[in-house]
Structures are given as structure tokens and as C-alpha cells.
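A structural walkthrough
Residues per chain, in single letters:
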Amino acid sequence: MVAPETGTERTVGQLFASATADLSALVHDEIALAKQEIKKDVTRGAMGGTAGAVAAVIALASIPMFSFAAAYGLHATGLGLAWCFLIVGGAFVLIAALAALLAVRFFKKLSPPERTIASTKATVDVLKTAKPHPAPITTTDGHKVLTR
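Residues numbered from 1 in each chain as written. Predicted model: local features only at pLDDT ≥ 70, side-chain atom pairs only at ≥ 80, totals over all residues. Heavy atoms only, no water.

Now for the overall build of the protein chain. Counting its secondary structure elements, the protein chain contains three helices and two strands. Secondary structure of the protein chain in N-to-C order comes out as α-α-α-β-β. Taken over 148 residues, the protein chain has a buried fraction of 3%. In the protein chain, 6% of the contacts between residues at least 6 apart in sequence involve partners at least 24 apart. In the structure as shown, the protein chain presents an accessible area of about 12,900 Å², 71% of it carried by carbon and sulfur atoms. (Helix = DSSP H or I, 4+ residues; strand = E, 2+ residues; numbered from the N terminus. Buried < 20%, exposed > 50% of the residue type's maximum accessible area, 1.4 Å probe, protein only. Contact = heavy atoms within 4.5 Å. Areas by Shrake-Rupley, 256 points an atom, 1.4 Å probe, with all protein chains shown as cover.)

Now for the pattern of salt bridges. Under the criterion given, the structure shown has one salt bridge. Note that D41 is salt-bridged to R44, the shortest N-O span being 3.6 Å. With D41 and R44 both in helix α1 (residues 12-75) and three residues apart, the pair spans about one turn of that helix. (Salt bridge = Lys/Arg side-chain N within 4 Å of Asp/Glu carboxyl O.)

Another point: the packing of aromatic side chains. Geometry of an aromatic ring pair is reported as the spacing of the ring centres plus the angle between the planes. All chains considered together, the criterion is met by two aromatic pairs. Ring geometry for F68 versus F85: centroids 5.4 Å apart, planes at 75°, classification edge-to-face. Of this pair, F68 sits in helix α1 while F85 is found in helix α2 (residues 81-108), placing the two residues 17 residues apart along the sequence. Judged by relative accessible area, which is 43%, F68 ranks as partly exposed. Take F85: its relative accessible area is 32%, and that puts it in the partly exposed class. Between the aromatic rings of Y72 and F85, the centroid separation amounts to 5.8 Å while the plane-to-plane angle is 85°, which identifies the pairing as edge-to-face. Of this pair, Y72 sits in helix α1 while F85 sits in helix α2; the two residues are 13 residues apart in sequence, bridging distant segments of the chain. Through a chain of ring-to-ring contacts, the aromatic side chains of F68, Y72 and F85 assemble into a single cluster. (Phe/Tyr/Trp six-rings, centres within 6.5 Å; stacked < 30°, edge-to-face > 60°.)

One can describe the packing of α1 onto α2 by two numbers: an axis separation of 8 Å at closest approach and a directional angle of 135°. As summarised for this structure, α1 and α2 are arranged oblique, according to the angle between their axes. Seen from above, α1 lies across α2 with right-handed handedness. Listed contacts from α2 to I63, S67, F68, A70, A71, Y72, L74 and H75 of α1 are L81, C84, F85, I87, V88 and F92. Residues of the contact of α1 with α2, tallied by class, amount to twelve nonpolar, two polar and no charged. (Axes fitted to C-alpha atoms, helices over the stretch in contact; angles between N-to-C directions. Parallel < 35°, antiparallel > 145°, perpendicular 65-115°, else oblique. Left-handed = near helix turned anticlockwise from the far one by under 90°. Nonpolar A, V, L, I, M, F, W, Y, C, P; charged D, E, K, R; others polar.)

Helix length check: α1, at 64 residues, gives a terminal C-alpha distance of 92 Å against a target of 94 Å (1.5 Å per residue), a fit within 8%. Bending of α1 peaks at approximately 25° at the position of I63, with proline P64 no more than four residues after it. (Expected span 1.5 Å × (residues − 1). Bend = angle between axes of the 7 residues up to and from the residue.)

The next point concerns the confidence of the model for the protein chain. Per-residue pLDDT for the protein chain averages 85, and the proportion of residues at 70 or more is 83%. Confidence scores differ between elements of the protein chain, with strand β2 (residues 144-145) showing the lowest mean pLDDT of 60 and α2 the highest of 95. (pLDDT = per-residue confidence, 0-100.)

Structure follows, in C-alpha cells:
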């Protein structure tokens, strides 16, 4: 290949250096693009997470209000106020127990990644028994010599 600056042919070393520099620049550009895209996604995720946290705090703060409303609503039926609050509290305990049972049920279904573990063990076993294969050495007269 002819070098545009000098009009002479470039050596293999120069071609290799040029290709390496171009590849390095390409990798750096790809990394910069990935960083820019990830930064946008992280910003959007942070904004979504913040909005979700605000919604959760507001929902959590509304629980006592609805609890009082339910208790006083039951009280309007003629039940004693203490019994009304006990009923509402008991309902929350039942809801919490159901949620806990669901959580336990889901956690019992968890299992380790068995295929990945088996594959990793197989790879380790292969690597333990693998022996390096040295490249043949070529002498000055063109004969290949194998070394051990």
C-alpha cells in the first residue's frame, strides 16, 4: 500500500500500527457512544425511581388515614370504637400474613443456576486436564522442529 504523505509503500509494521490505531480509535468511539447511551438511561431510571419512591411514601402515608376512615366507618354501624379499630388492625395483620405466605412460596421456588454451575464445573475440569500445545519452531533452513 502506498503512503499518501510520502508516495512510498508502507511496511507491514506501519500497516499493522495504522490498523491497530484505527481499531483502538473505533473501540474508544464505541465506548464513548455506549457511555452516552447508558448515561441517558441512568438519568431516566433515576427519575423513574425517584417518582416511584415519592409515590410509595405518599401511599404509605395514606394508610393511617384510610385505617381511621375504615374504623370510623365501622363505628357508624353502631359497633364500639375500640372493636372497630381492632377489626381494622386485624385486617392489616391478615393482609401482612398473606403477603408473607406469598413471599415464602416464591422464595421456595428459587433454585441455584444448575446448568451454569454444571457448565462451569465442566469447563474447569477440561482446563485442569488441558496441556498447552507449543507452536512449532521453524529453523533458518525452513524445517519445523517440535518442542516439548
